[in-house]
Amino acid sequence: MSNHVSGIPGSPEKSYKMMYSYLYMLKQVNPGTKTCVKLDDASKFKYLFIALGACIEGFAFMRKVIAVDATSLKNKYGGVLVFAEAQDPNGQSYPLAFAVLDSENLTSWTWFFEMLKSVIPDSSELVFMSERNQSLIFAIGSVFPEAHHGHCLWHLKEKVKWHAGNVNKVIVGHKFMELGRYYTVDDFNSAYDSFEKRYPAVYKYVQEHTEKDKWARVFFPRDRYNFDTINSVESMKSVFKEATTWALIPMLDCIVRKFSDWFTQRKEAVSRSIDTSLVPLVENYLHGLWDVAQKLSVREINSYELKYEITDTAGKMFWASLVEKSCTCKVWDYEKFPCLHGLAAYIYFTTNVDGGLNIHELCSKYYWTELWALAYDRTLCVVPDMSSWNVPDQIKEVKIIPPDRIWRKGRKRVG
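Residues numbered from 1 in each chain as written. Predicted model: local features only at pLDDT ≥ 70, side-chain atom pairs only at ≥ 80, totals over all residues. Heavy atoms only, no water.

Read from one edge to the other, the open sheet built from seven strands follows the order β1-β2-β5-β4-β3-β6-β7, with strand pairing classed as mixed. The open sheet terminates on both sides in strands that have one partner only, identified here as β1 (34-39) and β7 (148-151). Within this sheet the neighbouring strands show an average axis-to-axis angle of 20 degrees, counted without direction. Bridging between strand β6 (residues 127-130) and β7 involves four bridges; their strand directions are parallel. Bridge pairing in β7 links M129 to G150. Lying over the sheet, helix α2 (residues 19-29) contacts β1 and β2 (45-51), oriented at roughly 165 degrees with respect to β1. Where helix α5 (residues 134-143) meets the sheet, it contacts β3 (65-72), β6 and β7, and its direction lies at approximately 160 degrees from that of β7. (Pairing = 2+ DSSP bridges. Helix = DSSP H or I, 4+ residues; strand = E, 2+ residues; numbered from the N terminus. Axes fitted to C-alpha atoms, helices over the stretch in contact; angles between N-to-C directions. Contact = heavy atoms within 4.5 Å.)

So this is what it looks like as structure tokens:
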């Protein structure tokens, strides 16, 4: 991975000098792109925000869950690199915006979310997922008052498990993750009671220091589908780990190039699935359940609501409605595509009543292949080589002074 991109030298100072020119060209090749640079009173660089036009447009066809996280910059001026991303219906990271901030504090997070709000309006459908960073949490609540906020289950698990005594902490963490992923309140309560008896110290910490409606699926107030961690952002941070040591523009260009590659690859994946109504992730899931589902016992309860009683292989009964797209197991209700019982009801209906119902009609529109295609409809372009730039003089002349340098202590020499 080279840090000499777009013909721009890797000098940190050169990056600040050419920042406005680079952003101008980025917007020229990516219409609809939002960029903003904030300087302090001395004209020193403070913050930078970028949301690419193709990503903004594509989010209209995505589930409205956004993961946010930051990672430290290792160049000589420091700061943090922030990512906000969604997840496409096929389970892959979908970049929304990225930013460079001086640090993680209330002022910087508030500025970031105000910029994000300029491209993604506040909505009660919107859900943010993050670590329990208090300044970040406060900024979300202030800037996006209608949205909801969930805590990353994986990061919370890492905190929780260290309150275990003489028991295996890995097992405690696993049990806590299971708690967060139950689909019914009864199942959660039963498991939570067992958790209290088995791990009383951990249970006490969870009760006193966490909010169940922020991490437990059954208590979360809005649709977050299968989102309960920000691990996808962690993976993105890993992809750009080396780039965080570079000067600003080479790092930004690396990020844009990678996002462009992802868009190209996803377009190709979409083209291979254009003959199916559902994205491969859901199509394969339902295909895997089909053989079992078609063997289950199904009895019609209400022909108007298309409600059915389904008995599973263990003899347990569930009730599923094709009209309400719901099942008493609650998997369908949360995941937004049919569970095993819903699929059994669908097979019964199309076999015995009406064969005209398409399976994709029982899934959230966000899992439809046609919306997946629209999310990647536009091409995400990289900034051309510097030799071909055509930037107005008034933009070239705008000066940015680098922020104060971060002096890091080196290791003492021995001998």
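Now that the structure is up, let's keep going.
Let us look at the state of the cysteines. Note on terminology: a disulfide is the covalent bond linking the sulfur atoms of two cysteines. This model, assessed by the stated rule, comprises zero disulfides. We note that C363 lacks a disulfide partner, and the nearest cysteine sulfur, in C339, lies 11 Å from it. The class of C363 is buried, set by a relative accessible area of 2%. (Disulfide = S-S within 2.5 Å. Buried < 20%, exposed > 50% of the residue type's maximum accessible area, 1.4 Å probe, protein only.)

Another point: the pattern of salt bridges. Summed over the entire model, instances satisfying the criterion amount to 16 salt bridges. Where K44 meets D404, a salt bridge forms, and the shortest distance between an N and an O atom there is 2.7 Å. With K44 in the loop between β1 and β2 and D404 in the segment after α17 (393-396), this pair connects stretches of sequence that are 360 residues apart. E178 is the salt-bridge partner of K175, the closest N and O atoms lying 3.9 Å from each other. Separated by three residues within a single helix, K175 and E178 lie in helix α7 (residues 169-180), roughly one turn from each other. K175 sits in the partly exposed class, given a relative accessible area of 35%. Look at the salt bridges and you will find they share partners, linking D69, E234 and K237 into a network. (Salt bridge = Lys/Arg side-chain N within 4 Å of Asp/Glu carboxyl O.)

Roughly 230 Å³ of internal volume is contained in the largest pocket. Lining the largest pocket are 17 residues, and of these F45, K46, D102, P403 and D404 lie nearest its centre. Of the residues assigned to the lining of the largest pocket, the class counts are nine nonpolar, three polar and five charged. (1 Å grid on protein atoms, 1.4 Å probe; cavity = no way out; pocket = protein on both sides within 12 Å on 5 of 7 lines; lining within 4 Å. Points joined across faces, edges and corners; volume = space filled by probe spheres on them. Nonpolar A, V, L, I, M, F, W, Y, C, P; charged D, E, K, R; others polar.)

On average, residues of the chain score 93 in pLDDT, and 95% of them are at 70 or above. Predicted confidence is poor over residues 1-5, with pLDDT under 50, and the contacts of this stretch with residues over four places away or in other chains come to 13 contacts. The model gives residues 409-415 a pLDDT under 50, and that stretch makes zero contacts with residues more than four places away or in other chains. (pLDDT = per-residue confidence, 0-100.)

Judged by pairing direction, the sheet is antiparallel, and its four strands sit side by side in the order β8-β9-β10-β11 without closing on themselves. At either end of the open sheet lies a strand with only one pairing partner, and these are β8 (297-302) and β11 (326-327). Of the strand pairs in this sheet, β8 and strand β9 (residues 307-311) are connected by five bridges, and their pairing is antiparallel. Its bridge partner being in β9, V298 is matched across the sheet by I310.

Here β6 shows two buried faces, one formed by V127 and M129 and the other by F128 and S130. As paired elements, β3 and β6 share three bridges and run parallel to each other. Residue I66 lies in a different strand from β6, and its bridge partner there is F128. Following the chain from β6 across α5 to the adjacent parallel β7, one finds a crossover that is right-handed. (Right-handed = clockwise from strand over helix to strand, strands pointing away.)

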